[in-house]
Structure formats: C-alpha cells, structure tokens
Amino acid sequence: MSGSFYFVMVGHHDNPVFELEFLPAGKAESKDDHRHLNQFIAHAALDLVDENMWLSNNMYLKTVDKFNEWFRFWSSLTFLCIHIRFIMLHDVRQEDGIKNFFNEVYDLYIKFAMNPFYEPNSPIRSTAFDRKVQFLGKKHLLS
Amino acid sequence: MAQCLQSVQEFIQDSFVPMVAVLCSEDAEKVTRKNNLNFAELVRPFCRLTSEGHMRDPNNQVQVIKNLKISVTNIVTQAPQPAAIRKVLNEVVLLCQPAEGLVANVITAGDYDLNISATTPWFEAYRESFFQSMQASEHEFLNHYLACMLVVSSHEAQPLDQFLKLSQEQNRIQHSSDYAYPKWFIPNTLKYYVLIHDTSEENEQRADSVYEEMKQRYGTQGCYLLKINSQTSSVGSDEQIPDPWSQYLQKTILLNQELFEDGVAIVNSKNAENSVNAQDLDMLDLSVKADGIPNNFKMHPLQLDHPSDPGGNLDTLKSNMHIPDGKKTNTSTSHGACLTLSDHDRIRQFIHEFTFRGLLPHIEKTIRQLNDQLVSRKGISRSLLSATKKWFSGGKVPEKSINELKNTAGLLYPPEAPELQIRKMADLCFLVQHYDLAYSYYHTAKKDFLNDQALLYAAGALEMAAVSAFLQFGAPRPYPAHYMDTAIQTYRDECRNMVLAERCALLSAEILKSQSKYSEAATLLIRMTGEDSDLRSALLLEQAAHCFINMRSPMVRKFAFHMILAGHRFSKAGQKRHALRCYCQAMQVYKGKGWTLAEDHINFTIGRQSFTLRQLDNAVSAFRHILINDSKQTAAQQGAFLREYLYVYKNVNQLSPDGPLPQLPLPCIQSSQARIFFGHDRRLAEGEKQAATHVSLDQEFDRELSQQWKDLEEKVVAVVNKGVIPLNFQPAQYCLNSQTDNQRFPLAVVEEPIIVEVIFKNPLKVPLLLTDLSLLWKFHQKNFNLSHSGKEYEPISNEKDAHLKELQGTFKSEVMGTEVIPEFYMNSEETKVARLKLYPHQTGDLHILGVVYNLGTVTSVNSIDGMDPSSGVKMEASLVSNGMSVRGRQDLEIQGPRLNNTKEEKTSVKHGPDRRLDPIITPPMPLLEVFFINFPTGLLCGEIRKAYVEFVNVSKVPLTGLKVVSTHPEFFTFGSNTAALTPLSPTASENCSAYKTVVTDTSSACKALTSLVSPQDFGIGSENLPHGVIDIPLPDSVLIPGASIQLPLWLRGPDKEGVHEINFLFYYENTEKISKMSHRVLRHTAVICTNRSLSVKAAACRSNVFQGENDGRNGSMLVFVDIENINTNEAGVREFHIVQVSSISKHWKLQKCINPSEEKDTKLTSRERGKVCFRATTCNNSQATSGASKKYTFSDIILGNEQIISSTTPCADFFFRSSHFSQSRTTSLTTASTVPRLQADNVTKLIQQCNEVDLSIIVLWKAYVVEDNKQLILEGQLHVNLQAIGKEACSVYQKQEAQEMVLLKFIRPEIPPLPARPSVEQLSCLIKTSLHYPESYNHHFLQKSLCVVPVTLMLTNCSHGEVDVIIDLRQKSTSPEALEVHGSFTWLGQTQYKLQLKAQEIHKVQLKACFIHAGVYNLGTPRVFARLTDQGSMCETSQQNSMPALIIVNNV
C-alpha cells in the first residue's frame, strides 16, 4: 500500500487543531508547492461534512467528497459531542485502516483534552501527541 | 451563479434571435457614415420590438409574439478563428471590472460574514459576447440568416440597378460554392429592399419616385424608404438627443481607450476596427490590396456589427475611404449626430415594418411549406422508409452515413435531408416563440437523430428540446434536465466541441439557477472547466462559487475554495484584476483560522497580483502578512517570500523616496522587553583595582534587590534632608525594564550615553541581515538652568536623516549623537539583542521613537541551512549585488502596566504610562567611579582586614557630599571622625597589622590598661543619624573634576559563616543644586565568603567577695570567657592565639586575669577549647568627670606581648558598629514587650536592673594560616555582650532551632500575656547577702558549754529602689527529728529583724550563733525575705542562697 495521507483535525471555528501528513516510505519529502492544496481541499470539504453530519447516525462518514477524483478522496469522522472533525485526504482506498486510525486518534485526543492546561479548540503543539499520531498512522495507514 | 440583470427567459430569448443580413451600397454607407455608424449599427438600438406580433402556425392557430428581438448584421464571409474569439472574450472580461464604489452584499453564513458582490457583470458580458461569437454550424439553423436587407441610397444615379446588383451579390454569396460561410436558413432568402434617403441633401421627390418604382417591382411588403439625416451635424451638437447607440458601442470605444492608457499590449485589430473611424484605414488598406469584395471579408470581425461596407466592389470601397476622413475627428465619440428624434422614430418604424410585414410573413410561409413537406413525407416515405429499413436491413445504419461513421461528430446529413427539415422547422418555431410546437419537433428530430446515431445532431436537438420545454408557457411538462446533461456530455465527449458544450452548459446552468438548483448548477459548471481555456474555467468556477454561496445553507468553504481555483485560473488567463478580486474574496473565509499554508498562499498571490497591478500598498501588506504570521513554510519558501517582499518594498520606496520611512515587519521586536540604560559602560577590573559593580545591562533584574537599593537610597536621602524624604524624591534608576516603575520620566545626564537594548526575534527559517541599525529619536531642547529666559527650541528629530543610509558610523549632530551598528546578522529563528547608543549633547526632552535599519537577505542562505544550492542561489546573489535591502523603521511602543487600583480601573482595562523611552536630559552632573584595592573575597568570621578605596570624579563637574550606606554597616569602616584615633594610612604590607599596637613589657601583663572613649568619635550615638549612613571623609569635602583620592577601609568578616552579599550605595551631589536631579548614586555589591573562626562564650557571675571594706562599692564580678576553635578549614588555619581581651562598658571594666595557668599566650589548635577567667570591677566614677556617663571605658588585658589599642579605629569602630547594632535590636525588643503595663514595668525594671551587667568583651585573636607555603597572620576580633549576671552570651550567631513543621492554624492573635510577676529568680537577686565569720573557731567546751560565735550578716541592696528585708533566724525545719540532730545550733538574740534598705545600701547585722558541740556547722540558715517597699507582699521571696556557710568549731 503506498498512498499519501493528509490528516487534519478541525475545531469549532473551522480552525485546524492538528495537522499531519503521512507519506509512503519511498517519498521522504512532500511536494512543497502542493502542501497548501491539502489545506484548501480539507477546508472545502467541511461544508459537506457539516451537511452529512446531520444525515447520518454514524460518526464515520466514509467518503464525503471528491476532488478531481483521480487525485484524492477524503473521509471524515465527526464527533458531535466535541465537534472536532477529523478529515483524511487520501489517494488510495483504505476504508478499514482509516476507520481504525480515526478511532484510535479519537481516544488519544480525548485523553489529551482532559489535560487541564490544554485549552479546548486551540492548536495542539504537544510533541508526544504528534509522535503517537505518527505511530498510529504508520500502524494503520502505511502498513 | 451570481445574479444577472436579465431574467432567464430574456436571456434565452435573446440568445436565439432571427438573424438578418445586410448588404449595403457604397452610397448608402456614405449616408449612414455621417452619423458615425454603419447601417447595421444604425438600426441596432431599435431591433427590439416593443409591440406584439401575430402569426399563424400550421394549424392556423394565432400565435402571439412578444418582445421579439432581431439581429441585423453585416454579412461576414469567413468563420471566426477560435484564437480570435478567445482574444475578444478576454478583452470583454478584462474591461468589465467591478465598480470601485460598489457596495458589496454582506452574506452571513454560520460564523462567517462575507462581503461579496452579488452580481458578476463580467460574466454576463462574457456570455453575451460568447453567444454573439457563436459561428453557425451544420446541425442547427438558429443562427443562420433568415433574411437579407439590401440597402441603397436614393442619391445614387440608378438605385434600382444598384438593388439588382446587390441582389445578385447576395445570390452569389448564398449559392455559389465559393463561400461556405455564412449559412442561410433556406435557399430562397427573404430579400428586403431598403432605399435610404438623406433628407438634408437629396430632393425628396426623387426618392419618392424611386420608392414608387420599387413598390411596383418588389411589392409594398418587400421594400422600404428610410428617411434619415434630418439635420446637419453642426446643428445637432446643441440639442440634447438621447444616444441609444452608446450602450452598444461604448464598450468597444472604452476598450480601445483603456488599452492604450494601460499600455497593455493586447491590441485587438478586430476591435480596433469596430471602433469606427480611425481604424477604418487599416481595414481599407487591407481591402485595397485584395481584389474583389470577398477579400474585404477576409478577416472576420467578431462583433456582428462590422463597420466595413457590406456591399459594393472595390470602387465603392475606395471612394468610401475618403468619406470618413472629414468627420473623423469631431464625431468619434458621438453617434447619430445628424439624426433627430423623429429620425429615431422612423428607424424604429422601419424595423417594425420590416419585421411584421417582411420577416414574420416570410417565416410563416416557410413554416407552412416545411410543414406541408413534412406531413407528406411523414405520411408516406418516412415512416415507411424507416419501417422497411428496420425490417429489411435489420437496424443497419443509413447508407448515406456509412462513410462518416468514424467521424467524431457522428453523421453528416446533406442539407436537404428530411431529418434536417424537421430541425429547421423546430428552429423556426423556436425563433417565433412557438415553444410548444418547437418542443415537439425537437423531440421528433431527437429521436430520428438518435436512431441514426447522429450524435452531434441529436445533442443539438436535445439541447433545444430542453430549452423549449423550459420556455413553454405554463410549463406543461417538467424541465428535462437530463436532456441537457446528455447534450453536454455528447458535445464534449463525443463531438469534442467545447464551444457547443459550453453554450449548452451556460444555458443549463442559468435554467437550473432559476429553479434554485444551485448544487446541480455548480456541479455542471465545475464539470465544464478544463485545461483548454483558462478564462472559461475561471469564469465558470467563479459562478460555481457563487452557486455554493447562494444555496439554502450556504457552503462558505466550498465557495472560498472555488474562488481560489477561479482566481488561479484568472491569473493564468492574464486577468489579474479578476484574480486579485477572487483571492481577496476567498481570503475573508480563510483569514485568521490557522490554515497557515493556505493563508500564506493566498497572501502571496494577492501580493503578487497587487504588485503587477501597481497596487503597491496592498502588495506590501499582503507580503507583510506572510512574514509576520507564524509560518510553517520551508526555509526556501520563506526566503522566496522575503525576497519578493523586499523587491516590492524597494519599488514602493523608489516611487516615493521622500515619503515617510515604511514600517518593516521583520524582525519582530519585543517592545515591552526593551531595556534602557543610562551611563557609560563600566570598567570592571583594572589590575589590583576592582571597580564598583554598579548597574549594568548584563545584570538580571531582581525586584527584591531593587527594593533593597531603593530603601538604601531613601535612607541616605533622608539623612541628607534632615530626616525627611522630599516629596519629589525619585529613586535613581540606571536600568529600566519591563518590571521597573516607569511612570516617571527617567533622568539622563547630558554627555553621558543612553543605551537602549532592543530584543530582535527572527521568526523565519532564513537568516536576516540588518545593516546601518540605529535609533530614531525626537528631541525637544530645553534649558533647565534658565527657565525664565526660556528660548523656545523646535523639536528636532533624526527621522529625516535616517533616510541617508550612506552615513556610516555615528551620525554627527550638535544635539545628539546616534551610534550606528553597521551590520547586525540574525540567524534563522534567532533571538538577538542589540544595544544602541545615543549621546545627548544638549539638555531637553528626548523621545526614543524606534529603530531604523536596512533589512536585507544574506547570500549564503542555502549553505547555512545545509541545503543543496538550488536555483535560488543565483537569484539571491544577484539580489544582494543589487543591494537588495530596504530601509525602514520599526517603532518601539510600550504599553504600561495594567492599572488595578481604583474600582474603575479594575473593571475596565486601563494601562498606565510607560515612559521608559522618554528620558529627560539634565544638565551635567558629577560622575563618580569607585575602585577597591586589596578587597578580599574570603574572610574568617570576625577577621579584620584593611583595604583601600579609590574615588575618582570622572565628570567635568565637582562632586561633594559623598556618603555611603550599606546593608551591612558593621562590615566596614572608614575610621573615626577624630583624626587622633585613626591611624595614619600605613604602608600596605601584608603582615602588618590592621590594628594600632604598642609593645608592652611583660610586667604589665594581666593588668588592665584602660582608656575612655566617646562613641560620637566613631560616628555612632548621635540620635539624628540613623545608623548605616556614613560620611566619607573627603579632603575639603569636594572632589574636583578628574581628581582621585584613596582612602583606607577596614573590613571585618561578618559573624555568621557563609556567603554574604554586601551592598554599598555611594551617594554624592553636585556642588550646585539642580532641580531635576538632586543627587546621584553608585552601587556596589561585594560578595564575601566567611569561614568560622572562634566561638566565644562568656558569662558573668556575682562575686560574693567584698573587695575590702573601704571599697564601699558593690561592684565585683567574675567573668568567664570560654573560647573554642570551631574553624573547620583544617588545611588553612593552623592555630589561633588569643592575644588580648578587652572590655568595653560604661560601668565595668576588666581588672585582671585570674587565669590560674601560667601560660600567657592562649593558643588554640583545631577543635581546642580554652577558658579564661577575669575579674571585673565597676569603673571608678570619680575618674569620670562631667559627661562621663556617655563615655565608654575600654580596658585591655594583654595576653601577648603587644597591646592592641582597642579604643582606636578598627577595633573600636567595629565594636561600636556591632554593639550598636545589637543594642538597637534588644531595645526595640524590650520596648515592644513592655508597653502594656507601666506599673509592672517599673517593678520589673527595678528588679532587672539588679542583674544588668552591660559589659562587652572583645576577644582579639591572631590566626596563623599557611597559604601557598607562606605563613600569614590573620587577626580579628569577636564581640560578646554580657547583659545579665548568670546569663551566658555567645559570639557565634546562635542558630535558630529548626522549627518543626506544625499544622497551620488560624487563630486570633492572643493578647500578649501580662508581664508576669518578676520571677523568683529575679527577685532573689534583689538582696545580696553574705555572712562574715571566722572560718574556724576554737572553744573550750569543757570550760564553757556554750560557745557563742559572732557572725556578721551583710545585706546589700542591689536594686535602685528601697527594699524591705525580713531576716528570720528561726529554724525552718519543723520536724521533731531535726531538733535531735547534734549538728544543730541556735541563733541567739533577736530572731527576726525587719529592715529597710535604701538603694545600693549595705547593712550589717550582728548575729550570734550558739554551739554546744564541736563540729562543722552550716551557718547558712538565716532566711532573708525581701520585697520592694512600695509593692505588696506579692514580691516577697526568700533571698537565701543555698551556698553553705561552713564553720568549724573546735574543741580545745
């Protein structure tokens, strides 16, 4: 499986809370000139996420939107209770991996949010969190 | 999709209108030329018919035609080139920009408030042009010519011949195979003959007669006489006649003007031609070269109103050439100058006539014909044909199309194919608004085409079927959206005809919009974007974005995204303004959300586009954003941003070289952390000399410490101002930072530098280079000395000079010197401190505004980051060589601390002032520098060391009033006030003692040498001087400029071991008083490390021995001094010698040493302990004359061989310092506790006084230390203060027992307990008793059985009050057994005495003891009770001491 993934957690005010890019082992550096595109796409997907959120009982929304089809899909997981939206941009189909990844990151995030020194909805700058998410990404997405 | 001006029905109707061609004779053209118009243009404004028309459909039903519009155009014989179309569309969009003052709608969606203009006129303009530029194609007839107007002028010699000629010409164009273009609807096109008559020139009768002739020839319905030009052009200019042409032609004119103004090099020759005269010449040149008319049309003008002469031949063209010349100049802007309003009406009438009399009947006729054909064919051939085809050929495709099957467009039908006839029929119905019929025909045609697999045709039919279904009145059937989708798909994928697909999509989107199906419209539009046309993609994406925002629940984020995409496409298409607008609109959504990469990208694009559009301010602010924001970009990207920014900035600067300096965004300045320092950099050490530490920028700020300094300063200021701190007292602050009190304007001294420390932070991953960095200031000169003769000075600033970056080094100025840092390099993400100096040369108010510098990049950026040199290197190198740096400023603005005192301040957010950067420059003040010589860093406790201090006045002003105050005044002394007591400054040899010594002979050993000293001599004891402030004895009390003086300084190691920080504050003044600054201070912090030396414990006890009867005094005491070597430094100190013990007291003195051992020099090695015992007596008061009570008696008992005169400087100084210190401590304690009860206080006092001793012991020692194989002798002194008899005092600072942790309790503070009754112990000291008797007494018991021994009981009243004494001699013991004891004796005589003793009185009572046996007896049985006379019995207590008084009674 070699696809690249872009994962972002979006907060209440459509602000990115946490971003991470997963690249297949071969590609060390992502194309810098396209990094902003990920943000654009993920941000635009929020509209559909918000729309689908009310239509589905499931927290996991599968593929909500496509951009250019051949380029990337994205999936999303929305947690109504905390209204943090997880969005994954991916260019290969990997439903199960993404679902598991989301679930584990969700657990991780809940634990992280318990920290009284973390102000909800503010960007996560914890390196420990970052490391763990990277680990999860390797486990579920890039394996 | 954005809102449009037209409704959807209008839009669709106007997109498909009957087309009418124009062929015009040369003369006729000439007539219309007068109005600056050609014929087609002339009638253009009147082509929309206001009245209703009627016609009958094939079923003889009357069909009403409303609001019909026809299109009249010149014949163009060549199909437009796609490239040319693209160019024109580009132009149209480029020219149509949003109006400046357009009020944008505010759309609120969720959290977002967006400013978006609801209309997009550029899109409508594009759409209009697009539809106009559609070329006629084979598969549809909508834009084929239905009719042709032949226009001839009445001026012509043979108008009818001319008509004939034109008619032939039309026939040639339509039917000869030379021209594939334009297309004609049906073979026999309607020809309409128009005779144009210029009323200003011609005689009307001729025209009428020609018209009559025409009527006969062509019928009344086939010809028309149009009379125009009722007035000459010269007259016309006065009248206000509406100019209906302007809205049609303005665009093209504007286009040309703008093109030339902008200097944009896209000049479209087609459009240039359209703009009437001037360009005609080019056109004509072209046509002249060509032979024959056809070549005239070689270049297809895209606008339908082609100005060139449609008719005639080469000759007419040539003559045509001359006509416009005369009028070119004055008519270039106005059209229809020769037309009156009635002319307008005539033209309108003409069009009306043409349409209703000519065109509509023609269409009606054609429809009938076609219908007849179709009916007949449908009946027989067609259905039969298709049926047989089915049966026999088994669904085989029609023969005729076999060859074309591989064609991408599918089948091609010959023009007369029956399928096309249906289509033609449908189109005609559509054009005359018979949508029901049109739909059914289209539907039929669609089926046929699909059967034949003629995809292009089918798609066209589908498209139109959908449109006509939509337009049907009352909507009998739902709009078949899938028809459209199929059509678009077919056009795009099967036929690869993007133009048609686009047309279809535009129609479909508009229809969907009208049905509020925005989501479908958006999908459709987005699908239509492609790589082939950036402009189309951009426009469609923008419309899609508008669709998203117009949805019921607006999709703001999708809107933003598609706006970005549209902007991107616009910029690719060269539509910079539109691109910028799109990006700006999208920015509203992304702003401040934290999508940094996206935001950076947008800002960067906005910056670039703004720059190319010369909107430099916008560009700068956009680039600024990229740099300021917390960037996640890579280093290379940041470097690129920075370069771009600098480049733009440079351009801005070049535009306005004299403007105010721009504010630079980089590097970040932490304004509030700025520090300011007044004064020179300090020389710290100079050989042996060690400079006072003072204050420097390198020190960290410590609030506690600064408070300490402030307290010290207040103390000394209070002393100077006779105990009061002046109201305007401002503690000297040399270094201001964010934590200091900055409410007042700080004071700086003229000619002394001001250093501002600014913290720069480079947020980027690329290094920055700041050059020519200096401060910006504003200065208001004032003369503080002569305030009344105030000459007003103008404020001066260096903001102007700051432009001149060529200036190197210090800016030369009479007023203020500004230091310039030539280069300041900042590494990536570095925080660096710059120290910038100012040298004020005048007095006044200074305001430091900010910093000014050149911001530049560094060449070696890539090598530093360890990256491979990329393409950026070359560019960068060139940038630097170009001097790629911009000069700019950054202001230092400091917000004061938040106020929190009053309620108002607490409830609102208010900030106090911060005047850190606004110093007042005061007149010159003296400046002191202090150096310490031989100043130790380590001492033993109590060690005395001598050092020197050098005071230097480095200013140009004399200095006076030098004082020093310290946190540890007992640590040092400058010697006594009295010169006699201060030893002259001795040679500074190492082993020389700090003390003044006198060699004594051994005989005087153990004898006290006494001297009297007043404490005033040592600066202690005068009440008005708080302790700690010491005047420094300057000769003449003034230090003249440049002078220096060295003074000795004695130090004594603090009694507590450990590290001590000792703060000195030197205070000095100007000789003249200046209002602004009364004094200056200099700080010094000395760090001393002390080691333990000796521990001295002393105790006094009352001696019961009477010195002798004659002494008459009660004073005699034994003093035990217990000395222990507690030095732990085994290596260094070998041994301590006690060389002398001195006592200091007002009342007592040591008399002699009663040490039993013969060893004179008490030597203590490590951990050894020794005891010395002294007898002390009270001073001989007779010796003391008047005022002796104030004086202290020093008595030295020498244990060595030389006397240290303890009453002179170092010794006595330190004693007074330390004793005073401790005294003040104790008194403060006692006063605190004794306030509540005065009565009890008296008693206690009286009783306490009995015990008070008030004797201080100084132990002087020498220590032999080996250091670096050299023996050093250290000397020192330790003080013990004996306060009461029997109480042990210790020199070593008693360590407090570490308090156990207790639970924190909250209790009400208890009332301090009443001073208890004087304790028994204390009371027992009231009376001193002693029995005097012979130690042994011989008695002959055999002779006389009773032995009577006289005993004297001496009572001494120790107190200062009267004491009642009761002596009870009775046996205390009441037990009967005691009487049996042999050892008992009895007192004879009076058994009880009552006495009253006056203060200090000694009383003797003679007693007799009677013994009956020989033996040893204890005589100490008398019980003595004492009480103070005026007190009750409560104080009574036994005074008996338990000491046995033994007597031996011998039997002789």
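Residues numbered from 1 in each chain as written. Chains lettered and ligands numbered in written order. Predicted model: local features only at pLDDT ≥ 70, side-chain atom pairs only at ≥ 80, totals over all residues. Heavy atoms only, no water.

## Structural notes on the overall build of chain B
On a plain count of helices and strands, chain B comes out with 34 helices and 58 strands. Considering chain B as a whole, with its 1452 residues, one finds that 52% of them fall into the buried category. Surface exposure of chain B reaches about 67300 Å², of which carbon and sulfur atoms provide 51%. (Helix = DSSP H or I, 4+ residues; strand = E, 2+ residues; numbered from the N terminus. Buried < 20%, exposed > 50% of the residue type's maximum accessible area, 1.4 Å probe, protein only. Areas by Shrake-Rupley, 256 points an atom, 1.4 Å probe, with all protein chains shown as cover.)

## Details of the overall build of chain A
For chain A, the helix and strand inventory stands at 3 helices and 5 strands. Each helix and strand of chain A, ordered N terminal to C terminal, gives the series β-β-α-β-β-β-α-α. Carbon and sulfur atoms make up 54% of the accessible area of chain A, which amounts to about 7100 Å² in all.

## Notes on the packing of helix H5 (residues 121-132) of chain B against helix H19 (residues 498-514) of chain B
Angle between the axes and distance between the axes are the two parameters that describe a pair of packed helices. Residues and elements named next belong to chain B. It is the contact of H5 with H19, at a shortest axis distance of 11 Å, that shows an interaxial angle of 130°. Comparing their axes, H19 and H5 come out oblique. Between H5 and H19 the crossing geometry is left-handed. Listed contacts from H19 to Phe123, Tyr126, Arg127, Phe130 and Phe131 of H5 are Val499, Glu502, Arg503, Leu506, Leu507 and Glu510. Split into classes, the residues belonging to the contact of H5 with H19 amount to 7 nonpolar, no polar and 4 charged. (Axes fitted to C-alpha atoms, helices over the stretch in contact; angles between N-to-C directions. Parallel < 35°, antiparallel > 145°, perpendicular 65-115°, else oblique. Left-handed = near helix turned anticlockwise from the far one by under 90°. Contact = heavy atoms within 4.5 Å. Nonpolar A, V, L, I, M, F, W, Y, C, P; charged D, E, K, R; others polar.)

## Quick notes on the interface of chain A and chain B
Of the residues lining the interface, 27 residues belong to chain A; the matching set on chain B comes to 23 residues. Counting each side, the surface lost to burial between chain A and chain B is near 2200 Å², with a carbon and sulfur contribution of 58%. Sorting the residues of chain A by area buried against chain B places Phe40, His43 and Asp47 of chain A first, and these three jointly supply 31% of that buried surface. The tally of links from chain A across to chain B stands at 1 salt bridge. Among the ionic pairs, arginine 557 of chain B bridges to aspartate 14 of chain A, the shortest N-O distance being 2.7 Å. At the junction of chain A and chain B, the tally comes to 4 residue pairs in polar contact (both at pLDDT 80 or more). If you tally residues by element for the side of chain A that touches chain B, the top one is helix H1 (residues 35-53) of chain A, at 13 residues. Among the residues making up the side of chain A that touches chain B, the classes are represented as 11 nonpolar, 6 polar and 10 charged. (Buried area = accessible area lost by both parts, 1.4 Å probe. Salt bridge = Lys/Arg side-chain N within 4 Å of Asp/Glu carboxyl O. Polar contact = N/O pair within 3.5 Å; in protein donor to acceptor, adjacent residues only side chain to side chain.)

## Side note on the confidence of the model for chain A
Mean pLDDT over chain A stands at 75; residues scoring 70 or higher make up 72%. Confidence, expressed as mean pLDDT per element, reaches its minimum in chain A at strand S4 (residues 72-79) of chain A with 54 and its maximum at helix H3 (residues 127-140) of chain A with 88. (pLDDT = per-residue confidence, 0-100.)

## Describing the sheet that holds strand S58 (residues 1446-1451) of chain B
Residue and element names in this part refer to chain B. Taken together, the 3 strands give an open sheet; going across it, the order is S49-S58-S55, and neighbouring strands pair in mixed fashion. Both outer strands of the open sheet, strand S49 (1336-1339) and strand S55 (1415-1418), are each paired with one neighbouring strand and no more. Strand-to-strand twist in this sheet, taken as the mean axis angle between neighbours without regard to direction, amounts to 25°. Examined bridge by bridge, S49 and S58 share 4 bridges and lie parallel to one another. Paired with asparagine 1338 across the bridge in S58 is asparagine 1450. (Pairing = 2+ DSSP bridges.)

## Overview of the pattern of salt bridges
Considering all chains together, one arrives at 27 salt bridges over all chains under this definition. For glutamate 757 of chain B, the salt bridge is made with arginine 835 of chain B, and the minimal N-O distance between the two is 2.9 Å. In this pair, glutamate 757 of chain B is assigned in strand S16 (residues 754-761) and arginine 835 of chain B in strand S21 (residues 831-840), connecting sequence segments 78 residues apart. Arginine 835 of chain B gets classed as partly exposed once you look at its relative accessible area, which sits at 35%. One connected set of salt bridges, linked through shared partners, spans Asp14 and Arg85 of chain A together with Arg557 of chain B.

## Some points on unusual backbone geometry
All names here are of chain B. At glutamine 433, a position not held by glycine, the phi torsion is positive, near 65°. Secondary-structure assignment places glutamine 433 in the loop between helix H15 (418-431) and helix H16 (435-451). A positive phi angle, near 50°, is found at aspartate 772, a position not held by glycine. Note that aspartate 772 resides in strand S17 (residues 768-781).

## Observations regarding the sheet that holds strand S40 (residues 1148-1153) of chain B
What the 5 strands build is an open sheet, ordered S40-S42-S38-S37-S47 (chain B); its pairing is antiparallel. The open sheet has two free edges, formed respectively by S40 and strand S47 (1289-1290) of chain B, since each of these has just one partner strand.

## Focus: the packing of aromatic side chains
For any pair of aromatic rings, the description consists of the separation of the ring centres together with the inter-plane angle of the planes. Residues and elements named next belong to chain B. Following the criterion strictly, the structure yields 38 aromatic pairs over all chains and no others. Judged by centre distance (5.7 Å) and plane angle (80°), the ring pair of phenylalanine 130 and phenylalanine 131 falls under edge-to-face. Relative to phenylalanine 824, the ring of phenylalanine 760 lies with its centre 5.5 Å away and its plane at 55°, an arrangement referred to as tilted. One end of the pair, phenylalanine 760, is in strand S16; the other, phenylalanine 824, is in strand S20 (residues 821-826), with 64 residues separating them in the sequence. Here the aromatic cluster, defined as three or more aromatic residues joined through ring pairs, consists of Phe11, Phe16, Tyr126, Phe130, Phe131, Phe430, Tyr435 and Tyr442. Cation over ring: arginine 127 sits above phenylalanine 11, and NZ or CZ is 3.8 Å from the ring centre. Just above the ring of phenylalanine 824 sits the side chain of lysine 832; from NZ or CZ to the centre is 4.8 Å. (Phe/Tyr/Trp six-rings, centres within 6.5 Å; stacked < 30°, edge-to-face > 60°. Lys NZ or Arg CZ within 6 Å of the ring centre and 35° of its normal.)

## With respect to helix H2 (residues 26-33) of chain B
With 7 of 8 residues buried, H2 of chain B lies mostly within the body of the structure. Residues of H2 of chain B that are buried: Glu26, Asp27, Ala28, Glu29, Val31, Thr32 and Arg33 of chain B.

## Points about the side chain of arginine 423 of chain B
Note on placement: arginine 423 of chain B falls in helix H15. With near-sequence residues (within four places) excluded, arginine 423 of chain B lies in contact with His139, Glu140, Phe141, Leu142, Tyr442, Phe449, Gly460, Ala461 and Met464 of chain B.

## With respect to the nonpolar core
All names here are of chain B. Judged by nonpolar contacts, the single largest core of 166 residues is most densely connected at Ile12, Phe39, Met149, Phe350 and Phe430. Tallying contributions element by element places helix H17 (residues 455-471) first for this core, with 13 residues. Beyond its immediate stretch of four places on either side in the chain, isoleucine 12 contacts Phe430, Val467, Phe470, Leu471, Leu507 and Ile511. Membership of the second largest hydrophobic core comes to 56 residues, among which are Ile626, Ile676, Val756 and Leu775. (Core = buried A, V, L, I, M, F, W, Y, C linked by side-chain atoms within 4.5 Å.)

## Topic: the packing of helix H24 (residues 596-612) of chain B against helix H25 (residues 616-628) of chain B
All names here are of chain B. In the contact formed by H24 and H25, the axes pass within 8 Å of each other and the chain directions differ by 155°. If you check the angle between H24 and H25, you find them roughly antiparallel. Along this stretch, H24 crosses H25, giving a crossing that reads as left-handed. On H25, the residues that touch Asp600, Asn603, Phe604, Ile606, Gly607, Arg608, Ser610 and Phe611 of H24 are Leu616, Asn618, Ala619, Ala622, Phe623, His625 and Ile626. When grouped by side-chain class, the residues that make up the contact of H24 with H25 number 8 nonpolar, 5 polar and 2 charged.

## Notes on the confidence of the model for chain B
All names here are of chain B. Summary statistics for chain B give a mean pLDDT of 72 and a share of 72% for residues scoring 70 or more. Overall, residues 250-332 carries pLDDT values under 50, and its contacts beyond four positions in sequence, including any with other chains, amount to 148 contacts. This stretch, residues 860-882, has a pLDDT under 50; its non-local contacts, to residues over four places away or in other chains, come to 25 contacts. Reported confidences for the modelled complex are a pTM of 0.64 and an ipTM of 0.89.

## Concerning the environment of serine 519 of chain B
All names here are of chain B. Within the element layout of this structure, serine 519 appears in helix H20 (residues 518-527). The partly exposed category is assigned to serine 519, whose relative accessible area is 35%. It is 9.9 Å that separates the C-alpha atoms of serine 519 and arginine 552, two residues lying 33 residues apart in sequence.

## Brief notes about the pairing of strand S37 (residues 1094-1102) of chain B
Pairing geometry for S37 of chain B and strand S38 (residues 1116-1125) of chain B, over 9 bridges, is antiparallel. Bridge assignment links alanine 1099 of chain B to a residue of S38 of chain B, and that residue is phenylalanine 1120 of chain B.

## Here we look at the environment of threonine 529 of chain B
All names here are of chain B. Considering the arrangement of structural elements, one finds threonine 529 in the loop between H20 and helix H21 (534-550). For threonine 529, a relative accessible area of 24% translates into the label partly exposed. In this structure, the C-alpha to C-alpha distance between threonine 529 and arginine 569, residues 40 residues apart in sequence, is 9.8 Å. Dropping the residues within four chain positions of it, threonine 529 is found in contact with Arg536, Ser537, Leu540 and Leu541.

## Points about the state of the cysteines
Residues and elements named next belong to chain B. Under the counting rule described, the total for this entry stands at 0 disulfides over all chains. Free of any disulfide, cysteine 941 has its nearest cysteine sulfur in cysteine 1089, 9.5 Å distant. A residue is classified by how much of its surface remains accessible, and cysteine 941, at 5% relative accessible area, is buried. (Disulfide = S-S within 2.5 Å.)

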